[in-house]
Amino acid sequence: MAHIVGVGIATLDIINSVADYPAEDAEIRALSQRICRGGNATNTLVVLSQLGHHCQWAGVLSDEPDGQRILDDLKQYQVDATLCRVIEGGKVATSYITLNQKNGSRTIIHHRDLPEFNFDDFTQIDLSSCGWLHFEGRNVSETEKMLAHVVANSPDLPCSLEIEKVRPGIKVLFKYVGTLLFSKNYVLEHEDSDGIEGAINFLQALHRKFPDKQIICAWGGDGAYGIDHYGVIYHAPPSPPFKVIDTLAAGDTFNAAVIDRLISGHSTEDAIKSGCRLAGQKCGHVGLGFISQL
Ligand code: ADP
């Protein structure tokens, strides 16, 4: 099992489950409310930790009570937060999420008022025992400096980058990592088709630019696609649970399973199959503590 460092955010998620998604300007009652920790990098680390890896989170936290709530959750999953910068005052990033019980969709409004983890913070990290480094594709200028630092100082350390959203300049980050993990939403900003042609066009175009990388995109209820170093495209079918009840963090779970497979030398094809299996199981459970129940 590996020592994995994840750079990115933790949030407080306020999740309202509703029977159906409301029309604009409607007033409806939530069926239930759940408040928990979220954030892409920390979600992925929580899953990787349950898969047996030693995980450390590098990010920024506020010292207010909700910051403690985040730390308590990470501690429960043995994710180490000692690499974090803690800010006095301020408010942790908060995601207001509407979870539609009818189809499992999740609609998110995010509020953030904390500084980002920066290059100076990153250079304090001792990466000598690290076996995999995972980044969220955000905070582009600082992340680029971090990635360039890794390439210069730890050229053999495998790195993955999650690209969920289109952000100004984000493409400059692609060249630094060996594994690129795209969301379907990102791909659809570049391709007209939300079917197989869209995924394949996207992967092939990127492979022509970066032939040395594994490039992967999760494709929601249709599974996932990936292209390996040889330019071979793979599709992994979805692995739906008996009933889809919570797709929140399915992508983060998928990424965790992919990293878990790639660390142990499995192929791109194996990695995306494993990603779809675990993410599918996640969709049948609320939250991320589902692995012990499998
Ligand atoms: P995100 O959480 O970023 O929106 P996706 O919706 O692309 O991520 O889902 C990530 C992975 O989760 C998919 O590749 C798929 O394996 C799984 N998944 C998502 N939705 C479903 C679903 N309705 N049924 C089965 N698997 C799903």
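Right above here is the structure, for reference.
Attention in this report is confined to the structure presented alongside it.

Rules used throughout
Residues numbered from 1 in each chain as written. Predicted model: local features only at pLDDT ≥ 70, side-chain atom pairs only at ≥ 80, totals over all residues. Heavy atoms only, no water. Buried < 20%, exposed > 50% of the residue type's maximum accessible area, 1.4 Å probe, protein only. Helix = DSSP H or I, 4+ residues; strand = E, 2+ residues; numbered from the N terminus. Pairing = 2+ DSSP bridges. Near = heavy atom within 4 Å. Polar contact = N/O pair within 3.5 Å; in protein donor to acceptor, adjacent residues only side chain to side chain. Areas by Shrake-Rupley, 256 points an atom, 1.4 Å probe, with all protein chains shown as cover. Nonpolar A, V, L, I, M, F, W, Y, C, P; charged D, E, K, R; others polar. Salt bridge = Lys/Arg side-chain N within 4 Å of Asp/Glu carboxyl O. Axes fitted to C-alpha atoms, helices over the stretch in contact; angles between N-to-C directions. Expected span 1.5 Å × (residues − 1). Contact = heavy atoms within 4.5 Å. Left-handed = near helix turned anticlockwise from the far one by under 90°.

Strand 13 (residues 214-218) sits mainly inside the fold: 5 of its 5 residues count as buried. Side chains Q214, I216 and A218 project from strand 13 onto one buried face, and the interleaved I215 and C217 project onto a second face that is buried too. Across 4 bridges, strand 12 (residues 179-182) lies against strand 13 in parallel orientation. Note that in strand 13 the partner of L180 across the bridge is I215. Where strand 13 lies against strand 14 (residues 224-227), 4 bridges are found, and the strand directions are antiparallel. Bridged to A218 within strand 14 is A224. Adjacent in sequence and paired antiparallel, strand 13 and strand 14 are bridged by 5 residues, among which G220 carries a positive phi angle near 55°.

Attention now goes to the site of the ligand. Close contacts around the ligand come from 14 residues, with R106, G220, G223, G251 and A279 the closest. G223 is positioned such that a nitrogen or oxygen atom in its backbone is 2.7 Å from an oxygen atom of the ligand. One nitrogen or oxygen atom from the main chain of G251 is found 2.8 Å from an oxygen atom belonging to the ligand. When the free accessible area of the ligand is taken as 560 Å², the share hidden by the protein chains comes to 84%. When residues of the shell around the ligand are traced back to their parent elements, those giving at least two are helix 7 (250-263) and helix 8 (268-283). Each residue belonging to the shell around the ligand can be placed in one class, and the counts come to 9 nonpolar, 4 polar and 1 charged.

A word on the pattern of salt bridges. Under the counting rule described, the total for this entry stands at 17 salt bridges. Linking E64 and K91 is a salt bridge whose minimum nitrogen-to-oxygen distance equals 3.3 Å. Residue E64 is located in the loop between strand 5 (60-62) and helix 2 (65-76), and its partner K91 is located in strand 8 (residues 91-100); the two are separated by 27 residues in the primary sequence. A relative accessible area of 33% means that K91 is categorised as partly exposed. With a shortest N-O distance of 3.5 Å, R138 and E136 are connected by a salt bridge. Of the two residues, R138 and E136, both sit in the buried class.

A word on the sheet that holds strand 8. In sheet architecture, strand pairing relies on hydrogen bonds along the backbone and comes in two forms, parallel and antiparallel. Spatially, the 4 strands line up as an open sheet ordered 3-2-8-9, and their pairing is mixed. At either end of the open sheet lies a strand with only one pairing partner, and these are strand 3 (32-38) and strand 9 (106-113). On average, each strand axis in the sheet is inclined to that of its neighbour by 20°, with strand direction left out of account.

A few words now on helix 8. Here helix 8 contains 16 residues, and its C-alpha end-to-end distance of 22 Å stays within 8% of the 22 Å for a straight helix at 1.5 Å per residue. Along helix 8, the residues classified as buried are T268, A271, I272, S274, G275, C276, L278, A279, G280, K282 and C283.

Bringing the sheet that holds strand 4 (residues 54-58) into the picture now. What the 9 strands build is an open sheet, ordered 6-4-1-10-11-12-13-14-15; its pairing is mixed. What marks the edges here is a single partner per strand, and that holds for strand 6 (79-80) and strand 15 (233-236). Across 4 bridges, the pairing between strand 11 (residues 159-163) and strand 12 is parallel. Within strand 12, the position partnered with I163 by the bridge is F182. Most of the contacts of helix 4 (residues 140-153) go to strand 10 (residues 132-136), to which it runs at about 165°, and overall it touches strand 1 (3-7), strand 10 and strand 11. The sheet contacts of helix 8 involve strand 13, strand 14 and strand 15, and relative to strand 15 the element is tilted by about 20°.

With that out of the way, let us pick up the packing of helix 7 against helix 8. Direction vectors running N to C along helix 7 and helix 8 enclose 145°, while the axes themselves pass 7 Å from each other. At the point where helix 7 passes helix 8, the crossing takes the right-handed sense. In this structure, helix 7 contributes A250, T253, F254, A257, V258, R261 and L262 to the contact, and helix 8 contributes T268, D270, A271, I272, S274, G275, C276, L278, A279, K282 and C283. Along the lines of polarity and charge, the residues of the contact of helix 7 with helix 8 split into 11 nonpolar, 4 polar and 3 charged.

A word on the environment of A148. With respect to the helices and strands, the residue A148 is situated in helix 4. Judged by its relative accessible area of 30%, A148 is partly exposed. Sequence separation of A148 and V286 is 138 residues, and the distance between their C-alpha atoms is 38 Å.

Let us look at unusual backbone geometry. Even without glycine at this site, D25 takes up a positive phi of about 75°. For D25, the location among the structural elements is in the loop between strand 2 (11-18) and strand 3.

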